[in-house]
Structures are given as structure tokens and as C-alpha cells.
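Below are the chains, spelled out letter by letter.
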Amino acid sequence: MIRIAQDLTSSSWAPVPQSYSHKRNADETLLTSWQRTGPDRFLIKAGWPGDHSFYTTGADGTDPLLFSETVRQCLPVLSHAAYDVPLGHHLLWETYDYALAESPSAPREITLHIDCTDISRRGTRAGAATAHIRALHGDSLIGTATTRFTIQTPAVYRRLRGEYADVAHALERRLPPPAPLPEQEAGRERPYDVVLSPTDIPGRHQLRVDTGHPVLFDHPVDHVPGILLLDAARQAAHAASRVRPAQPIGMTTRFFRYVEFDAPCWIETAIDPAHPDRVLVTAWQNDKECFTASVALADAQATSAANAPHAGRGAA
């Protein structure tokens, strides 16, 4: 078992092995180093790309999906490095909530301050935890997140997944991706990155799963990844918004069931009855609720203009 040894009081930074982030492509590994600052408190450094084919890294502020993928990578890193979880175990999202702060541009380096609570253990190994995360660039807050995740051994995961645990078999049964929604409706620049397909029913799209996408499917998996569902919620909320482009500055999400490759998954939008200023996005498959997201939107152009430097009077 690979593990980074660290004393509970150590203040030194340890490198993050690429395998700990569960990414095969080194260019998609965002976390660089970590340290423990208390029994269940940690700092993790992340380096964000200056340019990327999938994430927005320009002057429009923080890309919500890049932020979410950074948080996601923290979970396996801490599991393997700090909580005795061997490689090959499966991490399952239960909840994920985030809120972004106003940012004039996407920084290149951030530090994530993480407190883990409600930790359940199987011997010395963690079986579940809640992570409370604050992401900062220097003293500037980038965003906050709270997420609950569980960890399953390979044997337990195989029992839970049954025939779907076989990755090759699951991929053989995948449906071909339907035609994409126009990219401007989804808030994307390329049709290749659109994860929704239009239907004849207002407020309803079909999830478009392209297992050849190099970022969303960095490596073969047996079900639709959680990060793809987050992007589907973002795109569906954008399509439902009266203002475009719209930036999802916050989400409250719940994961109930796996979304499989072999049946259509329907993404529906409505006004959130609990929060009328938010869009409620629900994923359904085989008439069962799989995922929900309550999405808070902001006018991306207004936010970008407000964050842009203003020209002042004076000599050139």
C-alpha cells in the first residue's frame, strides 16, 4: 500500500502523487502538495492551468467546474495520504455544495483549507467523511465547499454494482451520444463539450454521455461520473436562464443513484420551490431520481464588467 507518512504535528509540505488524484492524464492533475495541520485539518495546494481546452481560465472569474474538480481531487488525495485508504477503493459522492466568491480573474495558484468531520472508520481506515473547504488565493477567498463522501472496498463495490461493476461490460452497453444542444444555449464554446441533447418537452433534455471526452472520461469507468452531472446541471440551468451567459455561482447537490450508460437519463429544470431565485435540476433514469442540484445563477457579463478595471482620468 502506498502512503505518505506524516506526523500529526508536521508542518512540512509533501508532494501529491498523480495516482492519488485518480487521474490518468498528468495534465489534468491539479493538486501539487499537502500538509496536515491538525488531526483532521489539512492544507492542499493546487495549480490551475493558464489555458485549458475544457475549463474557462481567463478573466471571467473562477470556472465553477474547475473549482469543483479541484475539490473532487482533494477527496481521494486525503483518503489515500491521510486516512489509510488503499488505491483501488471507490469514493462515492453523497452531497456536494459550493459557493463562489467574486473574483476578477482566475488565479493560477490556490490553497485549500480543509476540515474533515463526521469521520466513520473501519479499523484505521476511513469509510466516510465530510470535508469543509475554503479555497484562497493569498488572502482572497475564491470559494467554499462542503461535501460528504463514502469509501467502498473493491469487494463491497462489486456487490453494490452487480453486473455494472465490470467496466468493459458497462461500456459495451453504452448508448451512442445523441445530437448536442446548441453550444450557446448550453453556455459552452464547442459542441464537443455539450453534455445535453434537446427534446420536444420544454425544460427537459437528454443527458449526452460521450465516453471519448478526454477530460470528463480521463479513464474508463462503469457509470456516469459525478463531475459530468455537475456540468449537466450547469448547462441545464444556463439553458433555462433568461440571462445568458449565466454563471452558476453556487450549487446544492445530492447524489442518490448511479447514472448508467445503457438507458436514457433525462435532465429536467424547474424553479426551485425552496429558493425561487434558483433553478432546480433533476436527473431521472428508469423513472428514478438519481441526482438533484439547486443552482444559483449570476449574469456572467455583468459580473465580468463589474470585475474589469475601470479607466480613470489622467495623462497617458
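Use the structure listed above.
Predicted model only: the values in this text are computed from it and were never measured. (Residues numbered from 1 in each chain as written. Predicted model: local features only at pLDDT ≥ 70, side-chain atom pairs only at ≥ 80, totals over all residues. Heavy atoms only, no water.)

## Focus: unusual backbone geometry
Note that the residue after Arg 244, namely Pro 245, is joined by a cis bond; omega there is 0°. Note on placement: Pro 245 falls in the loop between α5 (226–240) and β10 (246–255). (Helix = DSSP H or I, 4+ residues; strand = E, 2+ residues; numbered from the N terminus.)

## Focus on the side chain of Thr 269
Residue position: Thr 269 is located in strand β11 (residues 265–272). For Thr 269, a relative accessible area of 19% translates into the label buried. In this view, Thr 269 contacts Gly 203, Ala 236, Ala 237, Ala 240, Val 279, Leu 280 and Val 281; residues no more than four positions away in its chain are not counted. (Buried < 20%, exposed > 50% of the residue type's maximum accessible area, 1.4 Å probe, protein only. Contact = heavy atoms within 4.5 Å.)

## Focus: the side chain of His 205
For His 205, the location among the structural elements is in strand β9 (residues 204–207). A relative accessible area of 10% means that His 205 is categorised as buried. Non-local contacts of His 205, meaning those with residues more than four positions away in its chain, are made with Leu 181, Leu 196, Ser 197, Pro 198, Thr 199, Ala 239, Cys 265, Trp 266 and Ile 267.

## Notes on the environment of Trp 266
Mapped onto the elements of the fold, Trp 266 is located in strand β11. Between the alpha carbons of Trp 266 and Glu 172 there is a distance of 21 Å; along the sequence they are 94 residues apart. Non-local contacts of Trp 266, meaning those with residues more than four positions away in its chain, are made with Thr 199, Arg 204, His 205, Gln 206, Thr 282, Ala 283 and Trp 284.

## Quick word on the packing of aromatic side chains
Enumeration according to the criterion identifies ten aromatic pairs in this entry. Relative to Tyr 258, the ring of Tyr 157 lies with its centre 6.3 Å away and its plane at 85°, an arrangement referred to as edge-to-face. Taken together, the positions of Tyr 157 in helix α2 (residues 154–161) and Tyr 258 in the loop between β10 and β11 put the pair 101 residues apart, joining distant regions of the chain. Overall, the relative accessible area of 3% leaves Tyr 157 in the buried class. (Phe/Tyr/Trp six-rings, centres within 6.5 Å; stacked < 30°, edge-to-face > 60°.)

## Here's the deal with the pattern of salt bridges
Within this structure, the stated rule accounts for 13 salt bridges. Ionic pairing is found between Asp 231 and Arg 234, a salt bridge with its closest N-O pair at 2.9 Å. Remark: Arg 234 and Asp 231 occur in helix α5; sequence separation between them is three residues, near one turn of the helix. Each member of the pair Asp 231 and Arg 234 is classed as buried. Each of Lys 23, Glu 69 and Arg 72 takes part in one network of salt bridges that share partners. (Salt bridge = Lys/Arg side-chain N within 4 Å of Asp/Glu carboxyl O.)

## Section: the packing of helix α1 (residues 64–82) against α5
Closest axis-to-axis distance for the α1/α5 pair is 11 Å, and the angle between their directions is 155°. One element, α1, and the other, α5, form an angle in the roughly antiparallel class. Both α1 and α5 take part in a crossing whose hand is right-handed. Each of Leu 65, Ser 68 and Glu 69 in α1 lies in contact with α5, whose residues at this interface are Ile 227, Leu 230 and Asp 231. Along the lines of polarity and charge, the residues of the contact of α1 with α5 split into three nonpolar, one polar and two charged. (Axes fitted to C-alpha atoms, helices over the stretch in contact; angles between N-to-C directions. Parallel < 35°, antiparallel > 145°, perpendicular 65-115°, else oblique. Left-handed = near helix turned anticlockwise from the far one by under 90°. Nonpolar A, V, L, I, M, F, W, Y, C, P; charged D, E, K, R; others polar.)

## Regarding the nonpolar core
Leu 112 and Leu 207 are the most contacted members of the largest nonpolar core, which has 77 residues in total. With ten residues, α1 is the largest single contributor of residues to this core. (Core = buried A, V, L, I, M, F, W, Y, C linked by side-chain atoms within 4.5 Å.)

## Structural notes on the pairing of strand β3 (residues 41–47)
Looking at chain direction, strand β2 (residues 31–38) and β3 are connected through six bridges and run antiparallel. In the strand pairing of β3, Trp 34 is matched with Ile 44. Once β2 ends, the chain turns through two residues before running back antiparallel as β3. In the sheet, β3 pairs with strand β5 (residues 109–122) via seven bridges, with the strands oriented antiparallel. Bridge pairing links Arg 41 to Asp 115 in β5. (Pairing = 2+ DSSP bridges.)

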